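# What the coordinates show
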Amino acid sequence: MQIKLTNIVKNYATVTAGNKASFAVGDGEIVALLGPNGAGKSSLVRMLVGFTFPDSGEIEISDGEQVTNTIPKHQLGYLPEDRGLFLDRSLYENLMYLAKLRGLSSQVADEKIDYWLHRFDLTDRAKEPLKSLSKGNQQKIQLISSVLHEPKIAILDEPFSGLDPINQEIVVSIIKEFQEKGMTVLLSAHQMNLVERLADRVVLMNLGEIIAQGSLAEIRQQLTEGEKLIVRFNGAIDEAKLAALSTVAGYEQTSNYEYYFTTTAGHSLNQVINEIKDLAEILDIRSEHLGLHDLYLEAIKKANDNQQEQTA
Amino acid sequence: MINNYWQQVTAVTAWEFKRFFKWKQELMSYGVMLMIFVGISIWQNHIADNDNRIKVAVSEEIKLPEHSRFSVTYFPADQLASVQQSVGDEQDAAVYTADNKLVIFVEEKDKWLESFKRWMSESAQSERLKLAGISGEDLNLIINPYNYQLKVKGEKAKDDSKNTAALLTMILLMVGLVTAFAYAFTSITTEKQQRVTEQLLSTMSAQTWMDGKIFGITLLCIKSLLTTALSMFIFYQVMAIVDGSPVTTVGLEVSYILQLVVFLVLGLLMWNSLLAGFAATIDDPNHSSRTMLMLLPAVPIFLAYSLADAPQSMTMQVLSYFPLTSFAAMPIRMAEATIPIWQILLSISILLAAIYVFRKAASRLFNMGVMMYGKEPGMKEMLDALLNRKFK
């Protein structure tokens, strides 16, 4: 199933949750919706689920045959930002209730509950009330309840929150399995290292606006002006010559003979090396790619700077 | 996987009912109740037995008739001291006159003394009437010269069993509505506070969820009032057995009972729909001023009961059609007067229409309220929701 949002505008009394936001999630794709708190991620998710509606713009959910403007409930697996299940009821009762609401027969639900509890090592605790579990284990039950019926679209708001690194890895592998089965996944998370490994594409949001989107490489290209190079020379270099180089946009000396270069956009690595090798003998050269974490911070910083400039 | 409305409503209804209905606890409470009744019965029998054994020594100057509970022996005035000595052993009391007063001499105060004094007074009164040549019937005629009966055009003669049934229905309705009040908070407001609702609403519509809740809470109300009715029934039966009076039987037509049940169930459904709507707009029951609104269902019951003596009055007629009051007013009217069937059917139809509208309103309010964590919607927001304007 595919999700397409076009020019979504959503204003609350004092907050803009959607400012002409447009993005798409392809069939079987994992897309991460990222942004600081209050960026409008949850509002967009709630519009997709049908809890609230955009002031303007269009939402299209397509299964190849039919197009709707909210995700059909039986095809949706939703892990909400605001967690909550029935704490005084057992794990099994909670899961069975949600499975029945999603149209599963008791027998099928039973098998699936067994499978998932086993997967998360919670089989022995099936009859215990949910409140007796740790926050992390409650979080696992919440995740199971969202995907028990094998939906076509999973919207997972903070699927890793409250989980230890081992369980985070389990969830990563589960989400990848979903993708292999053809499930479309839209997730929101703050664990950039996990998102980086998991997401096919990333959508960065700030103040209701989408400030960058695409694969990690595409985002990097959108947000950084050139390559970052760390170069170590065998001796001192003439900084006047360095400043005059056309392929270097900026530099910073990081240690005695080591420099951190930002290259000018549009030049290849070869062109840069050809110019700087004349400064002194190069002992070591490394290209530094910004990770999602840094790109995210960079993007938000830029967006906020732009916002302040516009306000000024 | 077909998400069928009724399948989901049934799942929610069953969940709501089972959540609060713990059959083991129910059985235990019935067991405790039964034990209490048996205990009361044994206690009462014990008292009765004790009553049968009460031995009273009475001075010869006082004459008393025979009585099944008090065994009377007479003694001459000169043996008073020895009789007094025997009180507490051979005798339970000694009765004699001194200084123009009747003295009842006992070892300690006991429950039977009241009925003994009453019997003594009645005996003396009867003796004096006999001396004056006045019979008991004559005395009754003096005290109550006319046996009044008021006949109002259109009203039928008082049917005690129907009046009792109507009163019982009102009591049960109150029990049901108090239950509804409690469960509406637990089931809707608290669930909203626990953030359960978003997950649930991703599986079904707000209307389906709300309908399931309303049915589930109504079933719990019916369970509560059936428990109350059963307890009352058992209590009266046990008391009847203890008193030796005949066991109570239901002397009402089946059609009348069915009509009462219809109004009772529809009344609960209607008020549960309204309470569900109120509960959906409350964020925190401890701090909300709207909590008081939840007490509204008690008003129609008191109103209908206070007007029971004027079942054909214009006010009562209006109340018996007005959906917020008809569930209480019509059963009272039916007990006091002969109501044409079309009036009963009209009242039921209006009530059904009101239930349909209120459940719609409740789901719209809920749909809006669920997105408002930490604050309550204002009047404008609620109006927007009720008019189905898109929630912002």
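Report on the accompanying structure. (Residues numbered from 1 in each chain as written. Chains lettered and ligands numbered in written order. Predicted model: local features only at pLDDT ≥ 70, side-chain atom pairs only at ≥ 80, totals over all residues. Heavy atoms only, no water.)

### Observations regarding a negative patch on the surface
All names here are of chain B.
- Together, Asp89, Glu90, Asp92, Glu107, Glu108 and Asp110 line one region of the surface with negative charge.
- When you line up the elements, Glu108 lands in the loop between strand E4 (101-106) and helix H4 (112-132).
- Note on Glu108: relative accessible area 56%, which makes it exposed. (Patch = residues over 30% accessible without salt bridge, like charges linked within 9 Å, V, L, I, M, F, W, Y side chains within 5 Å. Areas by Shrake-Rupley, 256 points an atom, 1.4 Å probe, with all protein chains shown as cover. Salt bridge = Lys/Arg side-chain N within 4 Å of Asp/Glu carboxyl O. Lys, Arg positive; Asp, Glu negative; His and termini not counted. Charge placed at Lys NZ, Arg CZ, Asp CG, Glu CD. Helix = DSSP H or I, 4+ residues; strand = E, 2+ residues; numbered from the N terminus. Buried < 20%, exposed > 50% of the residue type's maximum accessible area, 1.4 Å probe, protein only.)

### Regarding the pairing of strand E13 (residues 258-263) of chain A
Residues and elements named next belong to chain A.
- For E13, a buried count of five out of six residues is recorded, marking the element as mostly surrounded by other parts of the structure.
- Bridge count for strand E11 (residues 228-233) against E13 is five bridges, and the pairing is antiparallel. Across the sheet, Val231 pairs through a bridge with Tyr259, a residue of E13.
- Both strand E12 (residues 248-255) and E13 contribute to a ladder of six bridges, which runs antiparallel. (Pairing = 2+ DSSP bridges.)

### Points about unusual backbone geometry
- You will see that Glu150 of chain A, though not glycine, has its phi angle at about 50°, which is positive.
- Its place among the elements puts Glu150 of chain A in the loop between helix H4 (135-147) and strand E7 (153-157).
- Residues other than glycine seldom take positive phi values, yet Asp99 of chain B does so here, at roughly 55°.
- By the secondary structure assignment, Asp99 of chain B is in the loop between strand E3 (93-98) and E4.

### Looking at the packing of helix H12 (residues 326-336) of chain B against helix H13 (residues 341-369) of chain B
All names here are of chain B.
- Direction vectors running N to C along H12 and H13 enclose 170°, while the axes themselves pass 11 Å from each other. By the angle between their axes, H12 is roughly antiparallel relative to H13. Where H12 abuts H13, its residues Ser326, Phe327, Met330, Arg333 and Met334 lie against Gln343, Ile344, Ser347 and Leu351.
- Considering only residue class, the contact of H12 with H13 consists of five nonpolar, three polar and one charged. (Axes fitted to C-alpha atoms, helices over the stretch in contact; angles between N-to-C directions. Parallel < 35°, antiparallel > 145°, perpendicular 65-115°, else oblique. Contact = heavy atoms within 4.5 Å. Nonpolar A, V, L, I, M, F, W, Y, C, P; charged D, E, K, R; others polar.)

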